[in-house]
Amino acid sequence: DLLGSPADYEQQRFKSSYDHLLPSAILVADFTPNLLARITGYKTYVRPHPRQFTPITLVGQPSASNTVPVTLGNPDLKPYTGTSFDLSIEWYNRKGGLIAANVFTKRFKGLIQQVRGAQNLCPEDATIYGLGHLSVVGDQCISDLPPDANNQPLVVNISGFVNSGTPYRVNGVELNIQQNLDFLPGLLRYLGGGINYAYTEIQGTNADGTDATLPGISKHNINAVGYFETKKFGLRLAYNWRSKYDLNSTGTFSGAARQVEPRGQLDLSASYKLLPGVSLSVNAFNLTNSIRKEYQGSENMARRADYDGRTYRFSLNAAF
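Residues numbered from 1 in each chain as written. Predicted model: local features only at pLDDT ≥ 70, side-chain atom pairs only at ≥ 80, totals over all residues. Heavy atoms only, no water.

Asks: Looking at this structure, I do not really get the pattern of salt bridges. What am I missing?
Replies: Pairing between side chains of opposite charge can happen when the charged atoms of each approach one another. Taken as a whole and assessed by the stated rule, the structure comprises seven salt bridges. Among the salt bridges present, the one from R38 reaches E90, with a minimum N-O distance of 2.7 Å. With R38 in strand β2 (residues 35-46) and E90 in strand β5 (residues 80-91), this pair connects stretches of sequence that are 52 residues apart. Of the charged contacts in the structure, one is a salt bridge between R258 and E294, with a shortest N-O distance of 3.3 Å. With a gap of 36 residues between them, R258 in strand β16 (residues 258-260) and E294 in strand β19 (residues 292-296) connect regions that are remote in the sequence. Here the salt bridges share partners, and the residues they tie into one network are R258, R292, E294, R304 and D306. (Salt bridge = Lys/Arg side-chain N within 4 Å of Asp/Glu carboxyl O. Helix = DSSP H or I, 4+ residues; strand = E, 2+ residues; numbered from the N terminus.)

This is how it looks when you write it as structure tokens:
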């Protein structure tokens, strides 16, 4: 038994407290009745997830290759904070119409990230976990405990969550156009739509000198909607596309090892009013039959593909 007998354990209590002042402000300037500018600034914070914020360190049993997994508890994790500033220009060019541009910058401190690997987590003294003293040999964390029957040294794989000491900055710009075409003649007056585009970049450098990256953020995002709507009938098409983005990773500090390929999807919805308060609707999802693909480092190294195909839904709605 690496950790001794049950008598060696005792109950412990961990306490943590924090407080944050979260100021926010918005300034609106009306240049004309249809043209205005907004400047906003605000501060936020995000608490650790309960699975990250645990005082318990888990030490597994040695595997056939004499490797022991260790998940470090960290009751000292703190919430991470963000400071954001936005500037937007909005032109309401006609009734139901909008042309707007927005620039933003967000600075995050103390992001909670998972760290793994001998170069990041290999404490010299691990006797408290029953693992002896550790040292980095190549890319492994090796214990000085006696080797097993096959003369294999004890390898310790440690992972845990920490507050990053590197600040990250997210900058971007958004463009948004929404218009209805009710000024056109005939059936064309029932047309309308909108399109928005967002460009986002991440600035910062990790402790190992690599470029900062954040999971779930694409550099390019495009959304386009077109519709034809009358009092009895409505048809709407929506297309969404985003460029590649990173996923949370257990293998690196920054999470850049796992990525999702660029992907677009077309959806359709239609409705028809049969009677006052009664309507029939049809929805079609993923008409482009797109597949979500994850890969590691290179698109040739596929890890996962999610396929749900084209999906259709029919519904009858009634209000009494």
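There is more to say, and it comes next.
Asks: Could you clarify how one ought to interpret the sheet that holds strand β12 (residues 191-203) in this entry?
Replies: Within a sheet, neighbouring strands are paired by backbone hydrogen bonds and run either parallel or antiparallel to one another. With antiparallel pairing, 11 strands are arranged side by side in an open sheet as β1-β2-β5-β6-β11-β12-β13-β14-β17-β18-β21. A strand with exactly one partner marks an edge of an open sheet, and here the two such strands are β1 (24-32) and β21 (311-318). The mean inter-strand angle of the sheet, taken between neighbouring strand axes irrespective of direction, is 10°. In the sheet, strand β13 (residues 220-229) pairs with strand β14 (residues 233-242) via nine bridges, with the strands oriented antiparallel. By the bridge assignment, F228 is partnered in β14 with L235. (Pairing = 2+ DSSP bridges. Axes fitted to C-alpha atoms, helices over the stretch in contact; angles between N-to-C directions.)

Asks: Would you mind showing me how to read the nonpolar core here?
Replies: The tendency in soluble globular proteins is for nonpolar side chains to be buried side by side. Within the largest apolar cluster, 13 residues are counted, with the highest numbers of intra-cluster contacts made by V70, L131, L134, V156 and I158. If you list the elements that add at least two residues to this core, you get β4 (67-71) and β10 (155-163). When near neighbours in sequence (up to four residues on either side) are disregarded, V156 contacts V68, V70, L131, L134, C141 and S143. In terms of nonpolar packing, the next biggest core, distinct from the first, is built from seven residues, F104, F108, Y168 and V170 among them. (Core = buried A, V, L, I, M, F, W, Y, C linked by side-chain atoms within 4.5 Å. Buried < 20%, exposed > 50% of the residue type's maximum accessible area, 1.4 Å probe, protein only. Contact = heavy atoms within 4.5 Å.)

Asks: Explanation requested: the packing of aromatic side chains in the structure shown.
Replies: Counted by the stated rule, this structure contains three aromatic pairs. Between Y80 and F108, the ring centres sit 6.5 Å apart and the planes meet at 70°, which makes this aromatic pair edge-to-face. Of this pair, Y80 sits in strand β5 while F108 sits in strand β6 (residues 98-109); the two residues are 28 residues apart in sequence, bridging distant segments of the chain. Under the relative-accessibility criterion, Y80 is labelled partly exposed at 21%. Ring geometry for Y190 and F228: centres 5.8 Å apart, planes at 70°, overall edge-to-face. Taken together, the residues Y190 in the loop between β11 (168-180) and β12 and F228 in strand β13 connect sequence positions 38 residues apart. Given the relative accessible area of 24%, Y190 is considered partly exposed. A cation over a ring is seen here: R242 above Y245, with NZ or CZ 3.8 Å from the ring centre. (Phe/Tyr/Trp six-rings, centres within 6.5 Å; stacked < 30°, edge-to-face > 60°. Lys NZ or Arg CZ within 6 Å of the ring centre and 35° of its normal.)

Asks: Before we go on, may I ask you to explain the environment of E261 in this structure?
Replies: Along the chain, E261 turns up in the loop between β16 and β17 (263-275). For E261, a relative accessible area of 21% translates into the label partly exposed. Sequence separation between E261 and Y245 is 16 residues; the distance between their C-alpha atoms is 7.3 Å. What E261 contacts, discounting residues up to four positions off in sequence, is K244, K293, Y295 and E299.

Asks: Please clarify how the state of the cysteines should be interpreted in this entry.
Replies: Here, disulfide denotes a covalent bond that connects the sulfur atoms of two cysteines. Taken as a whole, this structure holds one disulfide when the rule is applied. Covalent S-S linkage joins C122 and C141, the inter-sulfur distance amounting to 2.0 Å. Its S-S torsion of approximately 85° makes the covalent link between C122 and C141 right-handed. Of this pair, C122 sits in the loop between β7 (112-116) and β8 (134-137) while C141 sits in strand β9 (residues 140-143), and the two are 19 residues apart along the sequence. Exposure remark for C141: the relative accessible area of 2% places this residue in the buried category. (Disulfide = S-S within 2.5 Å.)

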